[in-house]
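Report on the structure
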Amino acid sequence: MALCVMLQTGIRLEVTRSPNIIIAEMKQSSWQKPLLFVTASLLLPIFYGHTLMTSLQQFWTVIGIAAESKWITFLQLVGTDDWNLYVWGIVLSIQIPFWSVGILFAFLDYYNWPKWIMRYKIQPGTNEPVDLNKLTETIRVVLVNQWVIAFPLLIATYYFQKMIHRMPEIQELPTVERTLFDFLVLFLFEEVGVYYVHRLIHHPKLYIRVHKKHHEWRAPVAIASMYCTGTEYFLLLSAAAVGPLLMNPHILTLWVWYAFVHLRSVNEHTGYEFPWLPTAEHHNYHHIINNACYSHSYFLDWLHGTDKGFRSYMSRKKALNNSTERLETSNAN
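Because the structure is a prediction, the values reported are computed rather than measured. (Residues numbered from 1 in each chain as written. Predicted model: local features only at pLDDT ≥ 70, side-chain atom pairs only at ≥ 80, totals over all residues. Heavy atoms only, no water.)

**A closer look at the overall build of the protein**
- Each helix and strand in the protein was counted, giving 11 helices and zero strands.
- Starting at the N terminus, the α and β elements of the protein follow one another as α-α-α-α-α-α-α-α-α-α-α.
- Counting only residues that meet the buried cut, the protein has 37% of its 333 residues in that class.
- Relative to all contacts within the protein whose residues are 6 or more apart in sequence, the contacts with residues 24 or more apart total 73%. (Helix = DSSP H or I, 4+ residues; strand = E, 2+ residues; numbered from the N terminus. Buried < 20%, exposed > 50% of the residue type's maximum accessible area, 1.4 Å probe, protein only. Contact = heavy atoms within 4.5 Å.)

Dropping the structure here:
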């Protein structure tokens, strides 16, 4: 009986509590959880930091030993001739990713299949299907750029490296830290070089002769990432090669770097905005407007204010998509 009275009293007290008190308690609990999370995040490294670092070092050591073993096996298979590894290794690291992904998207653009892919097109209705004659001409120009311009330059670079006795390391793999550092430096050099070279060739005195060819694709396709004049291709190659010449990274890092550079450029020109891939909207806007968004990333465009129109464009596009979704939802209900 006493227990019932206590429960009833507790219930009455809970019901008769001021709403302001309840709201205050809710606010208190709303900041207590984040505070607890932040406190735990700060204290865990203090008490367990040494253990975590030791475990991480052991993990990377095991990974390094396994990678070194695989690399030795690979070198035993292909040999250690620096001509083959430098020249043909870089050629393959460019050709295989570029043409495998480029041809895949050419297939998608020509056949517009599978149909569900079309919902990700940035400019719906364009290249549906792609003009086969225009695509064929693009492939021809790209092959000329790759084999008449890039390949001789690669050979010249090889002999230059040999002459100054600065060939990339082949035998021993670099540490993870060194690889990440090299890659960061290569990325920064290429990012700065491409931005300013790109802005330069948009100058009225250079645009028609050097860069206009690339903008024939107002709605770009993947293979068009290398569709340009020989002069432009040489300038962009130089921007991508400055970092490797200065840093002289391991040969494997070079392969990964050149594959990354070309796959990123292909992705920027696909004309599709896939949620599982880096955005292609930024460069697609450049092909639409022509005088904005010159860099691969956002920083230099933000720094120089060459992405203001793009940000406004994306805000309008997002608002339009939200309105369309609300309308479809209301119609469905």
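The discussion continues.
**Some points on the pattern of salt bridges**
- The full count for this structure, using the stated rule, is six salt bridges.
- Here R264 ties to E190 by a salt bridge, and the two come within 2.3 Å at their closest N and O atoms. Pair noted here: R264 is in helix α8 (residues 251-269) and E190 is in helix α5 (residues 176-200), with a separation of 74 residues, a long-range link. Per residue, the accessibility class of R264 equals that of E190, and both read buried. (Salt bridge = Lys/Arg side-chain N within 4 Å of Asp/Glu carboxyl O.)

**Quick look at helix α4 (residues 132-163)**
- Under the 1.5 Å per step criterion, the end-to-end length of α4 is 45 Å for 32 residues, consistent within 8% with the ideal 46 Å.
- Largest kink in α4: about 35 degrees, centred on A150, with the proline P152 one to four residues after it.
- Of all the residues in α4, the buried ones are L135, T138, V141, V142, N145, Q146, I149, A150, F151, L154, Y158 and Q161.
- Tucked into the core, α4 has its buried residues touching α3 (82-111) and α7 (230-247).
- Between the side-chain oxygen of the N-cap and the backbone nitrogen of N133 there are 2.9 Å, and the N-cap of α4 in question is D131. (Expected span 1.5 Å × (residues − 1). Bend = angle between axes of the 7 residues up to and from the residue. Polar contact = N/O pair within 3.5 Å; in protein donor to acceptor, adjacent residues only side chain to side chain.)

**Digging into the nonpolar core**
- One finds Y86, I90, F98, V142, I251 and Y272 to be the most contacted residues of the largest nonpolar core, which totals 48 residues.
- Breaking this core down by element, the ones donating at least two residues are α2 (19-78), α3, α4, α5, α7 and α8.
- Per element, the largest residue contribution to this core is 11 residues, and it comes from α3.
- Ignoring any residue separated from it by four or fewer positions in sequence, one finds I90 in contact with L85, L154, L254, W255 and Y258.
- Of all hydrophobic cores here, the second largest spans five residues; its members include Y285, C293, F310 and Y313. (Core = buried A, V, L, I, M, F, W, Y, C linked by side-chain atoms within 4.5 Å.)

**Describing the packing of α5 against α8**
- Put simply, α5 and α8 touch, their axes get as near as 11 Å, and they point 40 degrees apart. By the criterion of interaxial angle, the relationship of α5 to α8 is oblique. The crossing of α5 and α8 is right-handed. Of α8, the residues touching α5 (which contributes T179, D182, F183, L186, F187, E190 and E191) are T253, V256, W257, F260, V261 and R264.
- Partitioned by chemical class, the residues of the contact of α5 with α8 number seven nonpolar, two polar and four charged. (Axes fitted to C-alpha atoms, helices over the stretch in contact; angles between N-to-C directions. Parallel < 35°, antiparallel > 145°, perpendicular 65-115°, else oblique. Left-handed = near helix turned anticlockwise from the far one by under 90°. Nonpolar A, V, L, I, M, F, W, Y, C, P; charged D, E, K, R; others polar.)

**Focus on unusual backbone geometry**
- Of note, the bond from W113 into P114 is cis; its omega dihedral lies within 30 degrees of zero at 0 degrees.
- Here P114 lies in the loop between α3 and α4.
- Of note in the backbone geometry, N112 takes a positive phi value of approximately 50 degrees without being a glycine.
- Exposure remark for N112: the relative accessible area of 10% places this residue in the buried category.

**What about the packing of aromatic side chains?**
- Taken as a whole, this structure holds 29 aromatic pairs when the rule is applied.
- Centre to centre, the rings of F107 and W113 are 6.4 Å apart; their planes meet at 85 degrees, and the pair counts as edge-to-face.
- Owing to a relative accessible area of 52%, W113 belongs among the exposed residues under this scheme.
- Seen in terms of ring centroids, W116 and Y120 are 6.3 Å apart; in terms of plane orientation they differ by 90 degrees. Their pairing is edge-to-face.
- Y120 sits in the buried class, given a relative accessible area of 18%.
- Feature note: the residues F105, W116, Y120, Y272, F274 and W276 constitute an aromatic cluster, connected by ring pairs.
- Here K121 stacks its cationic end above the ring of Y272, 4.7 Å away from the centre of that ring.
- Positioned above the aromatic ring of W217, the side-chain terminus of K134 is 4.2 Å from the ring centre. (Phe/Tyr/Trp six-rings, centres within 6.5 Å; stacked < 30°, edge-to-face > 60°. Lys NZ or Arg CZ within 6 Å of the ring centre and 35° of its normal.)

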